[in-house]
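A structural walkthrough
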Amino acid sequence: MASASALLPRDFEWGFATAAYQIEGGVNEGGRGKSIWDTFCHLEPSRTKNANGDVACDHYHRFEQDFDLLGQYGAGAYRFSIAWSRIIPLGGRNDPVNEEGIRFYNQLIDSLLARGITPWVTLYHWDLPQALHDRYGGWLDVDEVQKDFEHYARVCFERFGDRVCNWITLNEPWIQAVYGYATGGNAPGRSSTNKQSTDGDTTTEPWIVGKALIMSHARAVALYNKEFRHTQRGVIGVSLNGDYFEPWDAEDPQDAEASERRMEFHIGWFANPIFLAKDYPTCMRKQLGDRLPEFTPDDFSLLAQAECDFYGMNYYTAQFAKHGTGEAPLTDVLGNVEELQHDKQGTPVGKESGLHWLRSCPDLFRKHLTRIYKLYGKPIYITENGCPCPGEDKMVKEEAVNDPYRIQYFQDHLDAICKSIEDGSVIKGYFAWSLLDNLEWSDGFGPRFGVTYTDYVTLERTPKKSALLLKDIIAKRQGPLSNGTH
Ligand code: GBH
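Here is what the cut-offs are and how they apply
- Residues numbered from 1 in each chain as written.
- Predicted model: local features only at pLDDT ≥ 70, side-chain atom pairs only at ≥ 80, totals over all residues.
- Heavy atoms only, no water.
- UniProt positions renumbered as here; feature names shortened; annotations may be inferred.
- Buried < 20%, exposed > 50% of the residue type's maximum accessible area, 1.4 Å probe, protein only.
- Helix = DSSP H or I, 4+ residues; strand = E, 2+ residues; numbered from the N terminus.
- Pairing = 2+ DSSP bridges.
- Near = heavy atom within 4 Å.
- Polar contact = N/O pair within 3.5 Å; in protein donor to acceptor, adjacent residues only side chain to side chain.
- Areas by Shrake-Rupley, 256 points an atom, 1.4 Å probe, with all protein chains shown as cover.
- Nonpolar A, V, L, I, M, F, W, Y, C, P; charged D, E, K, R; others polar.
- Axes fitted to C-alpha atoms, helices over the stretch in contact; angles between N-to-C directions.
- Contact = heavy atoms within 4.5 Å.
- Core = buried A, V, L, I, M, F, W, Y, C linked by side-chain atoms within 4.5 Å.
- Salt bridge = Lys/Arg side-chain N within 4 Å of Asp/Glu carboxyl O.
- Phe/Tyr/Trp six-rings, centres within 6.5 Å; stacked < 30°, edge-to-face > 60°.
- Parallel < 35°, antiparallel > 145°, perpendicular 65-115°, else oblique.
- Left-handed = near helix turned anticlockwise from the far one by under 90°.

As recorded in an unreviewed UniProt entry, the protein chain goes by the name beta-glucosidase, listed as coming from [Torrubiella] hemipterigena. Database annotation for the protein chain, UniProt heading Sequence similarities (unreviewed entry): "Belongs to the glycosyl hydrolase 1 family." In its Catalytic activity (unreviewed entry) section, the UniProt record describing the protein chain reads: "Hydrolysis of terminal, non-reducing beta-D-glucosyl residues with release of beta-D-glucose."

See the structure below:
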């Protein structure tokens, strides 16, 4: 079947993504310190469906085997995250570096390079050292945490940057700020609206944490630009998530505005300061007033020194936005918008997957890519994209490895990338989420996003059909180079 994805650039970066807490296990090995996710899972197990990352996929002991799979799947690149508390168990800039942790990630990196696979390293995928949370409130202390993050980034650049040339500072700062400090669904589980969570102030904390994340990112990038870029010659960026929004009522200009506003509250919140060195979107200032922390002139000058190389996009789904009537409540984090999966006519935004929040919307993915490229002007890497198949959580292995829904999802989303490239976007790579079925945070081990089936009893891995389909698509890519030349 001739498909648009044959037009993917010949030099398209290609591979699979994971995150430390979701796959590693070995939480008490190698001198690792605790992170806020260890605490979150163990303190109140119902918050994560009684699951935790103590063993997860046992990648800590099985990485060689997992990298053999990457090789079998034809991956040219692999995105993984470093657990901050393996490198600096107590987290802070004056705390000791753990050589065993350094050795572990050196092994991962060397083992990938030996297979010809390019490492893409995320510095932070939600697992703040618990000690920093205890010491000064973690992400709530904007001044302290950015200094500690900068130091942690320095250690990583110094110790791994001779071989790692692709860095992602943060994964999905929006989720850290909102799920960690507004809904309480993720660690550290602070919320003033969720009874299961420890008391936080939802009306202010997410916005403070957002600033701490932005400034931490900026410090790490400014450091890289000043001290490491000229010798290490790598690239650095950030991975932002955010659904694409269409108006619930296509005829209603207020819903059109609500869609844009919803995306500004999600993406512009981080992308304005990070990619444009600009203040938060005006609609955020308007709604949140002085609950949204200001950037000082010093902050702006740091943001200006923190020019990064690419926009990492995590994309899964799209929704409809319906404008709120009346004033937004103080606890609102969405921009006074109701999020819906069906429009006014009752038409669904896309085909259902195995998770209620995720519907397959490839046409809107194209619009999303094109919009983001126009707004921020940076080359885009899709740093996550994937889905669980309908009913997959209840399937036995023999059924689950046959995954036509996922195959179609990947194919459609890769086609959408090609169409956005035709629209003029520069899109340079794609990482499927995920290499393995793994710990899906507060959803536990239910949802399966892997192209490899994980048996959580035996820890045996079995490739699903989609892994081989991806291999085939990428082997056939023959489009012009990603900078537009032939
Ligand atoms: C990404 O987050 C993460 O980076 C990755 O670690 C994760 O495994 C992957 O996506 C798959 O989820 O309607 O209340 O159930 C995506 C962020 C957070 C988006 C949870 C959907 C559902 C909220 N996701 N959210 S709810």
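1. Some words on the pairing of strand β15 (residues 427-433)
Summarising burial for β15: six of the seven residues are buried, a large majority. For strand β14 (residues 380-384) and β15, the ladder comprises three bridges, and the chain directions are parallel. Of the residues in β15, the one forming a bridge with isoleucine 380 is isoleucine 427.

2. Considering the site of the ligand
In the neighbourhood of the ligand, 16 residues make up the surrounding shell, with Gln22, Glu172, Glu384, Glu440 and Trp441 lying closest. Here an oxygen atom of the ligand sits 2.9 Å away from a polar atom, N or O, in the side chain of asparagine 171. Here an oxygen atom of the ligand sits 2.8 Å away from a polar atom, N or O, in the side chain of glutamate 172. Relative to its unbound accessible area of 580 Å², the ligand is 78% covered by the protein chains. In the shell around the ligand, the residues fall into eight nonpolar, five polar and three charged.

3. Quick word on the sheet that holds strand β11 (residues 337-340)
Judged by pairing direction, the sheet is mixed, and its three strands sit side by side in the order β8-β10-β11 without closing on themselves. On the outer flanks of this sheet lie β8 (244-247) and β11, each paired with one strand and no other. Taking each pair of neighbouring strands and ignoring which way they run, the sheet shows an average axis angle of 40°. With four bridges joining them, β8 and strand β10 (residues 318-323) adopt parallel strand pairing. When the bridges of β10 are listed, proline 247 appears paired with alanine 321. Each of β8, β10 and β11 is contacted by helix α10 (residues 253-276), which is oriented at about 125° to β10, the strand it contacts most.

4. Focus: the nonpolar core
A general feature of soluble globular proteins is that nonpolar side chains tend to end up buried together. Membership of the largest hydrophobic core comes to 152 residues, with the highest contact counts inside it found for Tyr105, Trp139, Phe160, Trp167, Trp269 and Ile417. Looking at which element gives the most residues to this core, the answer is helix α9 (residues 205-232), with 13 residues. Beyond its immediate chain neighbours, meaning those up to four positions away, isoleucine 417 contacts Leu8, Phe12, Phe365, Leu369, Ile382, Ile427 and Tyr430.

5. Structural notes on helix α2 (residues 36-43)
The complete set of buried residues in α2 reads Ile36, Trp37, Asp38, Phe40 and Cys41. Where α2 is buried, its residues contact α1 (20-23), β3 (118-124), α6 (130-136) and α8 (173-181).

6. A closer look at the pattern of salt bridges
One pass over the full model with this rule turns up 36 salt bridges. Shared partners join several salt bridges into a network, and the residues in it are Glu392, Asp403, Arg406, Asp437, Arg448 and Lys464.

7. With respect to the side chain of glutamine 22
Inspection of the secondary structure assignment puts glutamine 22 in helix α1. Within the local environment of glutamine 22, its side chain forms a polar contact with the side chain of asparagine 438, the two groups lying 3.3 Å apart. At 2.9 Å, the side chain of glutamine 22 and the backbone oxygen of leucine 439 are in polar contact. In this view, glutamine 22 contacts Ala56, Cys57, His125, Trp433, Asn438, Leu439, Glu440 and Trp441; residues no more than four positions away in its chain are not counted.

8. As for the packing of aromatic side chains
One pass over the structure, following the stated rule, counts 42 aromatic pairs. Taking the centre distance of 5.4 Å and the plane angle of 65° together, the rings of phenylalanine 67 and tyrosine 78 count as edge-to-face. Placement of phenylalanine 67 in helix α3 (residues 59-72) and of tyrosine 78 in strand β2 (residues 77-81) is noted, with a sequence separation of eleven residues between them. Judged by its relative accessible area of 0%, tyrosine 78 falls in the buried class. Here the aromatic residues Tyr60, Phe63, Phe67, Tyr78, Phe80, Phe104 and Tyr105 are joined through ring pairs into a cluster of three or more.

9. Let's talk about the packing of α8 against α9
One way to put it is that α8 packs onto α9 with a least axis distance of 9 Å and a crossing angle of 150°. When the interaxial angle is binned, α8 and α9 end up roughly antiparallel. Crossing of α8 over α9 shows right-handed handedness. Where α8 abuts α9, its residues Pro173, Gln176, Ala177 and Tyr181 lie against Glu205, Pro206, Val209, Gly210 and Leu213. A class-by-class count of the residues in the contact of α8 with α9 yields six nonpolar, two polar and one charged.

10. Focus: the sheet that holds strand β7 (residues 235-240)
Overall, parallel pairing links the eight strands, which are arranged β1-β2-β3-β4-β7-β9-β14-β15 in a closed barrel. This sheet shows a mean twist of 25° between the axes of neighbouring strands, independent of strand direction. As paired elements, strand β1 (residues 13-17) and β2 share three bridges and run parallel to each other. The residue bridging phenylalanine 16 from the neighbouring strand is tyrosine 78, located in β2. Contacts between helix α13 (residues 362-376) and the sheet are confined to β9 (310-314), β14 and β15, with β9 contributing the most and set at about 155° to the helix. Contacts from helix α15 (residues 404-422) reach β1, β14 and β15, with the element oriented near 165° to β15.

11. Looking at the side chain of arginine 261
Residue placement: arginine 261 occurs in helix α10. Residue contacts for arginine 261: discarding those within four places in its chain leaves Cys283, His323, Gly335, Asn336 and Val337.

12. Observations concerning the packing of α8 against α10
The interhelical angle for the contact between α8 and α10, taken along N-to-C directions, is 115°, at an axis separation of 9 Å. Seen from α8, the contacting residues are Pro173, Trp174, Ala177 and Val178; seen from α10, they are Arg262, Phe265, His266, Trp269 and Phe270. For the contact of α8 with α10, the per-class residue count stands at seven nonpolar, one polar and one charged.

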